[in-house]
Amino acid sequence: DLEDAVGSCPLPGMLAQVWTRGLTRGEPTRAPGDRVDWIKAQGRAKSMRGFKNEHGKSLLIHAPLKDLGRAGTGIELFFRTLRWLFIVLVIATCLGCVSLAANLEYNKHVNTPIVVTTIGPCCKTSPSELRAQSIPWFITFLLFLLFLYWLRYKQRQVAHSVDRRYITTGDYSVEVRNIPLLANESALYQFFEQYGRVSQVQIGFRCSGYVRLFERWKKHDVELAETRVGLALLAEQGHALDSARAATRAAKIDTLQNEMIDLESEMARLQAVELISSGAAFVIFETEAGRRACLKAHHLSAWTRFLEMIGWTTKHARFGDSVDLSVVPAPEPSDVFWENLEVGPHEVRKRSLYTLLVAMGMIGTSLVLLLLLTRSKDSQIALLKRTGATLAASTYTRGVSLVAAVVVTAVNSFLRIAINQLTVLERHDTKSDYEESYFIKLSLAYVLNQSLLILIVSPNPSTWFVEGGVYAQAFYIILANAIVPELFKVVRLDTIFKRYVMGTFVKSQAKLEELWQPPEASLGEFYAGLLKTVTLGLLYAPAMPVVWFITTSTIIIKYWSTKYALLRVCRQPPTLDEGLSEVFRELLSFVLLGSVIIEAVVLDSRLDEESRSKEHIVLPIAAGIMWLIYKIVPLQRLGCLRNYVDNRSNDTGGKVFSSLPGLARYRCPISQPVPSLATIHSNSFGTVEAAPGGVPSSLETIAVQMPSAVATPSGPMPERTPSLFGSAYEGNSGRWQITSDTSVSPAQYPQPAYELPVQPQSPPRAPPMLLAVTCPENVGPGAQLIVQGPSGQMVTVTVPSTVFPGMIFHVSV
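Given the structure is predicted, the values throughout are model-derived calculations rather than measurements.

## Re the overall build of the protein chain
In step 1: A count of helices and strands for the protein chain gives 20 helices and eleven strands.
In step 2: Every one of the 813 residues in the protein chain was classed for burial, and the buried ones make up 54%.
In step 3: Taking the intrachain contacts of the protein chain between residues at least 6 apart in sequence as the baseline, contacts between residues at least 24 apart amount to 81%.
In step 4: For the protein chain, the accessible area works out to roughly 35,500 Å², and carbon and sulfur atoms hold 61% of it.

The structure is reproduced here in structure tokens:
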């Protein structure tokens, strides 16, 4: 097995040998139950990555884009935007060939390879030739302006198409804001029943402290498993020299266990005190008609709100006869950051401003580096030319241009990491809002640092088209942008290092599976990279048409590298809407304005003083006027260009929410069971056997159905959500030692010594309990298992797609 594993390893031979030594190191003295199974870790990582179809199989690389709509509108719109941009860029490249041929004809005397393709040296005394050069650019401008309208139209169309193809929890749900701090779910049930039968009400309680405690508990859990296996190995070796190390590890185990018990007690205490609402709640109706009626009742015009404010009319019911609730379409359950619901919008905006200022400070540092590099280059070139070393000056200029491209690319990588961490500190309440904020700041950093800084450090247009000038540096930057980001998107060096280097030193299966987890995919980062590529093309291709060829090729590379990364490298992102695409469209419109300004400056600077007139910038002026019309005229008020809001359609076909077992419910973390080390493992609770009924509608979730037909599913059909407690309950760590492949064990939780406050709940729920289920060897993802619980009741469990035979997963009953 080891030889087969190494034979299929894509790494070089030396690293494969290191991996082999890691696989075999310590195996003869390790207990069978503690053996690190690399094949199992690989299988688990493979089951977590990419998108799955309705049969639980991974999508192929050439799968149709409509299948990517399982992760929401955002993913499908991204790839369709790449396709539409490719068509526009192909036309722009064909138009650029006219300018490129003219540049090569007029620049025959220029010996510099890059400068010979630019508009710089030519057209010095011919305004008519300059106007002819601006015509292909103006047609390209019109193409991109039409593309912005087309993208607005397709955003609405794709959003409606995805909503029609896939039934999600969001089709039945609304998000409620401005609820009282001490509101309970029973009162909200009664209030929203006037619009339709309610399936669930989940209040978002303040739980940031609870989530932090649980994250620490999960880290301690993996560390405890690693330390236990290490101690077992030392005990088996039995050398006297290892006695001190064994004592140290035993003490560490005691410390970790005590800390975990303290964390469990603190989490139980937070659950026991009176829970305070964050001001937000999620309501799931049994039918889509109830959701639509609720949204319609709470969607008031500005005039109606004014009449209500002065007391002339009251058109809608208020919660408690005094509280005016804010009701909007709800995000999907996997899109919610529960711990951030308690942070108000004003605080989020203030944090966003701080992070934006920090990002601008880092871009300023990059500006200083480029200024120093430019001044050093100018002084050194002047010195070489004075000494007559023309060839050396030319070589030095090209070298500095390459160094500038490397510096800009490296600063971009640092900005990406820093802005990601800063955006996390803003504490957005949904993943969609986080991705939009991350995309905006990262796009500004990319555009300023990689597109505009080289123009800022060289403000004189007469120096842009010389050897080592702005356009020479831009050429190398554009080449680097076409290769480096897309290569690192597919080859994740950090992931390879964790798996094949750090993994050789781990001792427990839990730690190995943690290292093998696929990286997360950021749609905001993908959109920012796309905007950076298009910006470089729009700013520099009109005067250097060869850039159109590079930009078009980059779009092709970006399409396939991003698709490969999503389907074969990264975890599936949560469900995101078309908000990112809308922000991308807005930012692209300002990039188009920047292209108009750069073209006007380039055309105006190409003529000598005696030949200069204003006729050659007529087309840029006309383009600027058309851009203003695009921004001012509210064409988005047309029905085909409005934002898509699912408050009128009936795409669910009248299906009842509780009849769809694959749909997720909203679950606040603090209302879930507290994890515990005190677990009883027993085989006295019956067996697990394959159940009839075939593959369920969802293969991405753990679905539990009680005989009373009260369903408690925990994952939506077109998306994948983590299990109840994340990775801590997904693997077979040191504490889950179940001997039989068909055993079920209930997890016990520490009960507080004081009474819980009485809060009315509707409908009443039994105390939650975790069931540990081992997937039998003859079944896989999508199979339905019949489990006999500790109370004798029969529970139907759907095996999630992240589980393979022999692996233990947990469900909450």
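## A short note on the pairing of strand 2 (residues 198-205)
Side chains on a regular strand alternate between the two faces of the sheet.
In step 1: Among the eight residues of strand 2, eight are classified as buried, and the element is accordingly described as predominantly covered.
In step 2: Judged from the seven bridges that link them, strand 2 and strand 3 (residues 277-285) form a sheet pairing that is antiparallel. In the strand pairing of strand 3, Phe205 is matched with Ser277.

## Some details on the nonpolar core
In step 1: Residues Phe79, Phe144, Tyr471, Tyr540, Phe584 and Leu588 are the most contacted members of the largest nonpolar core, which totals 102 residues.
In step 2: Listed in part, the 50 residues of the second largest apolar core include Ala183, Phe205, Leu295 and Tyr666.

## Re the packing of helix 4 (residues 73-106) against helix 17 (residues 523-540)
In step 1: Their axes nearest at 11 Å, the elements helix 4 and helix 17 cross at an angle of 15°. Between helix 4 and helix 17, the crossing angle belongs to the class labelled roughly parallel. Crossing hand, helix 4 versus helix 17: left-handed. Counted together, Gly74, Ile75, Leu77, Phe78, Thr81, Leu82 and Leu85 of helix 4 and Leu523, Phe526, Tyr527, Leu530 and Val534 of helix 17 form the full contact between these two elements.
In step 2: Of the residues that constitute the contact of helix 4 with helix 17, the class distribution is ten nonpolar, two polar and no charged.

## Topic: the side chain of Ser443
In step 1: For Ser443, the location among the structural elements is in helix 13 (residues 431-456).
In step 2: Owing to a relative accessible area of 2%, Ser443 belongs among the buried residues under this scheme.
In step 3: Not counting residues within four places of it along the chain, the set of residues in contact with Ser443 comprises Ala528, Leu531 and Leu587.

## Examining the environment of Asp171
In step 1: Here Asp171 shows up in the loop between helix 5 (127-165) and strand 1 (173-177).
In step 2: Among the residues examined, Asp171 registers a relative accessible area of 2% and is labelled buried.
In step 3: Considered as a pair, Asp171 and Arg292 are 121 residues apart in the sequence and their alpha carbons are 9.3 Å apart.
In step 4: A polar contact is formed between the side chain of Asp171 and the backbone nitrogen of Thr168, at a distance of 3.0 Å.

## Brief notes about the state of the cysteines
In step 1: Scanning the entire structure with this criterion turns up zero disulfides.
In step 2: Counting only cysteine sulfurs, Cys94 is the nearest neighbor of Cys97, a cysteine outside any disulfide, at a range of 6.0 Å.
In step 3: Cys207 takes part in no disulfide bond, and the closest cysteine sulfur, belonging to Cys668, lies 4.1 Å away.

## Regarding helix 14 (residues 470-490)
In step 1: Given a rise of 1.5 Å per residue, 21 residues ought to cover 30 Å, and the 31 Å separating the end C-alpha atoms of helix 14 matches this to within 8%.
In step 2: The sharpest bend along helix 14 reaches about 30° and sits at Asn481, with the proline Pro485 one to four residues further on.

## Some thoughts on the packing of helix 14 against helix 18 (residues 546-569)
In step 1: Where helix 14 meets helix 18, the axes come as close as 8 Å, and the angle between the chain directions of the two elements is 10°. With respect to their mutual orientation, helix 14 and helix 18 come out roughly parallel. In this structure, helix 14 uses Phe475, Ile478, Leu479, Asn481, Ala482, Glu486, Lys489 and Val490 to contact helix 18, whose residues at the interface are Val546, Val547, Ile550, Thr554, Ile557, Lys558, Ser561, Thr562, Tyr564, Ala565 and Val569.

## Observations regarding the pairing of strand 1
In step 1: Most of strand 1 sits out of view: four of its five residues are buried.
In step 2: Across five bridges, the pairing between strand 1 and strand 3 is antiparallel. Bridged to Arg177 within strand 3 is Ala280.
In step 3: As paired strands, strand 1 and strand 4 (residues 326-329) are joined by four bridges and run antiparallel to one another. Bridge pairing links Val176 to Val327 in strand 4.

## Comments concerning the packing of aromatic side chains
In step 1: One pass over the full model with this rule turns up 27 aromatic pairs.
In step 2: Ring geometry for Phe78 and Phe79: centres 5.4 Å apart, planes at 85°, overall edge-to-face. The same class applies to Phe78 and to Phe79, which are both buried.
In step 3: In this arrangement the basic side chain of Lys532 is found over the ring face of Tyr446, its NZ or CZ atom lying 4.3 Å from the centre.

## Things to note about unusual backbone geometry
In step 1: Positive phi is not limited to glycine here, since Asn178 has a value of about 70°.
In step 2: Within the element layout of this structure, Asn178 appears in the loop between strand 1 and helix 6 (185-192).

## Re the sheet that holds strand 3
In step 1: A sheet is described by the order of its strands in space; here four strands give the open sequence 2-3-1-4, paired in antiparallel fashion. Lying at the two open borders of the sheet, with one neighbouring strand each, are strand 2 and strand 4. Averaged over all pairs of adjacent strands, the angle between strand axes in this sheet comes to 25°, irrespective of strand direction.
In step 2: Where helix 9 (residues 288-298) meets the sheet, its contacts fall on strand 1, strand 3 and strand 4, and the angle it forms with strand 4 comes to roughly 135°.

## Here we look at the pattern of salt bridges
In step 1: In total, this model carries 23 salt bridges according to the counting rule given.
In step 2: One salt bridge connects Arg44 with Glu513, and the closest N-O pair in it is separated by 3.7 Å. With Arg44 in helix 3 (residues 38-48) and Glu513 in helix 16 (residues 509-515), this residue pair connects regions lying 469 residues apart in the sequence. As far as burial versus exposure is concerned, Arg44 and Glu513 are alike and both buried.

## A closer look at the confidence of the model for the protein chain
In step 1: Residues at a pLDDT of 70 or more form 73% of the protein chain, whose mean pLDDT is 75.
In step 2: Considering only residues more than four positions removed or in separate chains, one finds that residues 679-767, a stretch of pLDDT under 50, has 270 contacts.

## Quick word on a nonpolar patch on the surface
In step 1: Together, Phe86, Ile87, Val90, Ile91, Ile556 and Trp560 make up a nonpolar patch on the protein surface, roughly 490 Å² of accessible area in all.
In step 2: Per element, the largest residue contribution to the nonpolar patch is four residues, and it comes from helix 4.
In step 3: Tracing the backbone shows Phe86 in helix 4.
In step 4: Take Phe86: its relative accessible area is 31%, and that puts it in the partly exposed class.

## Concerning the environment of Leu371
In step 1: With respect to the secondary-structure elements, Leu371 resides in helix 11 (residues 345-386).
In step 2: Residue classification places Leu371 among the partly exposed positions, given a relative accessible area of 29%.
In step 3: Taking C-alpha positions, Leu371 is 9.2 Å from Leu453, a pair spaced 82 residues apart along the chain.

## Quick notes on helix 13
In step 1: Helix length check: helix 13, at 26 residues, gives a terminal C-alpha distance of 35 Å against a target of 38 Å (1.5 Å per residue), a fit within 8%.
In step 2: The largest bend in helix 13 amounts to roughly 35° and is located at Asn449.
In step 3: Taking burial as the measure, the 26 residues of helix 13 include 19 buried ones, the bulk of the element.

Calculation rules
- Residues numbered from 1 in each chain as written.
- Predicted model: local features only at pLDDT ≥ 70, side-chain atom pairs only at ≥ 80, totals over all residues.
- Heavy atoms only, no water.
- Helix = DSSP H or I, 4+ residues; strand = E, 2+ residues; numbered from the N terminus.
- Buried < 20%, exposed > 50% of the residue type's maximum accessible area, 1.4 Å probe, protein only.
- Contact = heavy atoms within 4.5 Å.
- Areas by Shrake-Rupley, 256 points an atom, 1.4 Å probe, with all protein chains shown as cover.
- Pairing = 2+ DSSP bridges.
- Core = buried A, V, L, I, M, F, W, Y, C linked by side-chain atoms within 4.5 Å.
- Axes fitted to C-alpha atoms, helices over the stretch in contact; angles between N-to-C directions.
- Parallel < 35°, antiparallel > 145°, perpendicular 65-115°, else oblique.
- Left-handed = near helix turned anticlockwise from the far one by under 90°.
- Nonpolar A, V, L, I, M, F, W, Y, C, P; charged D, E, K, R; others polar.
- Polar contact = N/O pair within 3.5 Å; in protein donor to acceptor, adjacent residues only side chain to side chain.
- Disulfide = S-S within 2.5 Å.
- Expected span 1.5 Å × (residues − 1).
- Bend = angle between axes of the 7 residues up to and from the residue.
- Phe/Tyr/Trp six-rings, centres within 6.5 Å; stacked < 30°, edge-to-face > 60°.
- Lys NZ or Arg CZ within 6 Å of the ring centre and 35° of its normal.
- Salt bridge = Lys/Arg side-chain N within 4 Å of Asp/Glu carboxyl O.
- pLDDT = per-residue confidence, 0-100.
- Patch = residues over 30% accessible without salt bridge, like charges linked within 9 Å, V, L, I, M, F, W, Y side chains within 5 Å.

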